[in-house]
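Structural description and commentary
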Amino acid sequence: MNTRKRAGQGFVAGSLIGTLGGLIGLGGAEFRLPVLVGLFRLSTLEAVILNKAMSLVVVASALLFRLRAIPF
């Protein structure tokens, strides 16, 4: 799979996961794992590690934005 196609698929999948997760009040990690394994053909262990890393980035960035809005 070429890089351009994979980036496009990643953008579409990420947009759908973010929208769906936001609408039902979840972070999206529940939906990322099947996409990483199924669409991007990662092994289960690689997908779990990447999913946890993405969740950590999301939580850290949310904390930073929250601290800008509400003083510590």
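To keep things clear, this report deals only with the structure shown in the data block. (Residues numbered from 1 in each chain as written. Predicted model: local features only at pLDDT ≥ 70, side-chain atom pairs only at ≥ 80, totals over all residues. Heavy atoms only, no water.)

This part is about the side chain of Arg32. Note on placement: Arg32 falls in helix α2 (residues 29–38). There is no salt bridge for the buried Arg32, and the closest opposite charge comes from Glu30, which lies 7.4 Å off by N-O distance. At a separation of 2.8 Å, a polar atom in the side chain of Arg32 contacts the side chain of Asn51. There is a polar contact of 2.8 Å between the side chain of Arg32 and the side chain of Ser55. Once residues lying within four places of it in the same chain are set aside, the contact partners of Arg32 are Ile17, Gly27, Asn51, Met54 and Ser55. (Helix = DSSP H or I, 4+ residues; strand = E, 2+ residues; numbered from the N terminus. Buried < 20%, exposed > 50% of the residue type's maximum accessible area, 1.4 Å probe, protein only. Lys, Arg positive; Asp, Glu negative; His and termini not counted. Salt bridge = Lys/Arg side-chain N within 4 Å of Asp/Glu carboxyl O. Polar contact = N/O pair within 3.5 Å; in protein donor to acceptor, adjacent residues only side chain to side chain. Contact = heavy atoms within 4.5 Å.)

Okay, the packing of helix α1 (residues 3–24) against α2 next. As a packed pair, α1 and α2 sit with axes 9 Å apart at the nearest point and diverge in direction by 155°. Relative to α2, α1 is oriented roughly antiparallel. Between α1 and α2 lies a crossing whose hand is right-handed. Mapping the contact onto sequence places Ala13, Ile17, Leu20, Gly21 and Ile24 in α1 and Phe31, Arg32 and Val35 in α2. (Axes fitted to C-alpha atoms, helices over the stretch in contact; angles between N-to-C directions. Parallel < 35°, antiparallel > 145°, perpendicular 65-115°, else oblique. Left-handed = near helix turned anticlockwise from the far one by under 90°.)

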